[in-house]
Amino acid sequence: MHLTQDLELFPEYTVIQLLFKDVKNATELRKMAVNGEIKGALINPSMVVDAFQILVAANKAVHLHKNGKMKTRSLYSEIIFNLSPTNNVSDIFHYRNTAEIFICLQCAVLTEFNVWQISEAFKRFGISDSDSAVLIVLVHNKDETLSVDDIISKVDGQQVAVDRVSDFTDVAKIKKLYKVAPQEEECGSLLDAVVCRMAMKDVA
């Protein structure tokens with residue numbers, strides 16, 4: 001059910017996507033991710049149009065990681081950051097209490113982003129405690145060992161095929177966030193518009 005894709009520019013890396021619905025332990029999953037028990041990005045699938053969107057974000061994260069130019073301290077938080085149409089971290093991350101702010105402090109580069117910006121982390125793309133669906137993204141170096149079954153066993157929910165991610169997509173929210181004009185959809189898809197903004201945000 002999971003989707004496995006090699007990165008064309010970085011063939012030593014594989015991106016694995018796992019989609020779950022009816023998730024009952026989102027809070028625990030987030031804690032496990034912070035503690036390193038789950039080495040992956042936990043993404044809210046309502047903000048994902050297609051698995052290709054994730055692949056683009058992961059490819060960019062690996063590129064920045066290899067060049068030492070990540071804006072965050074974690075490859076997986078960088079994937080979430082790359083999903084954003086802007087470079088303003090406060091547009092991406094959102095936490096609701098002091099403990100969650102501390103979690104974000106472990107992921108962000110404090111010299112670039114102040115605490116108030118960090119406190120807004122994962123507002124749109126990360127999962128919250130109340131979410132019942134999660135897309136887990138793993139970036140696997142082929143020289144390392146990875147047990148996908150171990151990751152799956154940690155989720156109290158039903159795994160579904162990744163190509164069903166559009167079932168969870170909140171089209172209205174995505175159009176608003178990425179500022180997609182009706183004219184754009186006349187000459188291209190919503191995915192085209194989203195990926196274009198993800199790519200263009202670093203162009204001055």
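Cut-offs used in this document
In every chain, residue numbers begin from 1 and rise along the written sequence. With pLDDT at 70 or above as the cut-off, local features in this predicted model cover only qualifying residues; side-chain atom pairs require 80 or more to be listed or tallied, and sums for whole chains, interfaces and linings still use all residues. Where side-chain values are given, they derive from all heavy atoms of the structure, hydrogens and water being excluded. UniProt positions are given in the numbering used here, feature names are shortened, and annotations may be inferred rather than shown by experiment. Per the convention used, a helix needs a DSSP run of H or I reaching at least four residues, while a strand needs a run of E reaching at least two, with both numbered from the N terminus. Note on classification: 1.4 Å probe, protein chains only; a residue is buried when its accessible area is under 20% of the maximum for its type, exposed when over 50%, partly exposed between these limits. Working rule for contacts: check all heavy atoms of both residues, and any pair within 4.5 Å makes them a contact. Per-residue and other accessible areas were derived by the Shrake-Rupley procedure at a 1.4 Å probe size, with only the shown protein chains allowed to occlude residues. In what follows, salt bridge is the name for a side-chain nitrogen of Lys or Arg lying within 4 Å of a carboxyl oxygen of Asp or Glu. If DSSP finds at least two bridges between two strands, the strands pair. The definition of a polar contact used here is a pair of N or O atoms within 3.5 Å, where within protein one atom must be able to donate a hydrogen and the other to accept one, and adjacent residues in sequence count solely through side-chain atom pairs. As used here, the term nonpolar core means buried Ala, Val, Leu, Ile, Met, Phe, Trp, Tyr and Cys residues forming a set that is joined through side-chain atoms within 4.5 Å.

The protein is annotated in an unreviewed UniProt entry as Tp53rk binding protein of Cyprinus carpio carpio. Under the UniProt heading Subcellular location (unreviewed entry), the entry covering the protein gives this text: "Nucleus". Under the UniProt heading Sequence similarities (unreviewed entry), the note attached to the protein is "Belongs to the CGI121/TPRKB family."

**Student:** Help me understand the overall build of the protein, please; the structure alone is not making it clear to me.
**Tutor:** Across its full length, the protein holds 9 helices and 5 strands. Mapped in sequence order, the helices and strands of the protein form the string β-β-α-β-α-α-α-α-β-α-β-α-α-α. Across the 204 residues that make up the protein, the buried fraction comes to 48%. Pairs at least 24 apart in sequence give 76% of the contacts found in the protein among residues at least 6 apart. Here the protein has roughly 10300 Å² of accessible surface; of this, 52% comes from carbon and sulfur atoms.

**Student:** Honestly, the pattern of salt bridges in this entry has me stumped. Any pointers?
**Tutor:** Side-chain pairs of opposite charge can arise where the charged atoms are in close proximity. Throughout the structure, instances matching the rule amount to 7 salt bridges. Residue K66 is joined to E12 by a salt bridge in which the shortest nitrogen-to-oxygen separation is 3.2 Å. You can see K66 sitting in helix α2 (residues 51-66) and its partner E12 sitting in the loop between β1 (3-6) and β2 (13-21), a full 54 residues away along the chain. For K66, a relative accessible area of 43% puts it in the partly exposed group.

**Student:** Just checking my understanding: could you explain the pairing of β1 for this structure?
**Tutor:** Summarising the sheet, β1 and β2 pair through 4 bridges and their orientation is antiparallel. Bridge pairing in β2 links T4 to I16. The turn linking β1 back onto β2 is made up of 6 residues.

**Student:** I keep staring at helix α3 (residues 75-82) and nothing clicks. Help me out?
**Tutor:** Structural remark: α-helix, 3.6 residues per turn; residues separated by three or four positions point the same way. Counting buried residues in α3 gives 8 out of 8 residues, a clear majority hidden from the surface. Packing partners of the buried residues in α3 comprise β3 (41-43), α2, β4 (134-141) and α9 (190-200). Its side-chain oxygen placed 3.1 Å from the backbone nitrogen of Y76, S74 serves as the N-cap of α3.

**Student:** What exactly am I supposed to notice about the nonpolar core here?
**Tutor:** Side chains that are nonpolar tend, in soluble globular proteins, to be buried together. By size, the foremost hydrophobic cluster in this structure holds 41 residues, and its most contacted members are I43, I79, L83, V137, V139 and Y178. Of all the elements in the fold, those that place two or more residues in this core are β2, β3, α2, α3, β4, α7 (171-177) and α9. With 8 residues, the top contributor of residues to this core is α2. Sequence-distant contacts of I79, defined by excluding residues within four places in its chain, comprise I43, A57, A58, A61, V137 and V139. Ranked by size, the runner-up nonpolar core spans 16 residues in total, among them L29, I136, I151 and V155.

**Student:** How should the side chain of T72 be read in this particular structure?
**Tutor:** Inspection of the secondary structure assignment puts T72 in the loop between α2 and α3. Within polar-contact distance, the side chain of T72 engages the side chain of S77 at 2.7 Å. Within the structure, the side chain of T72 is placed 2.8 Å from the side chain of E78, a separation counted as a polar contact.

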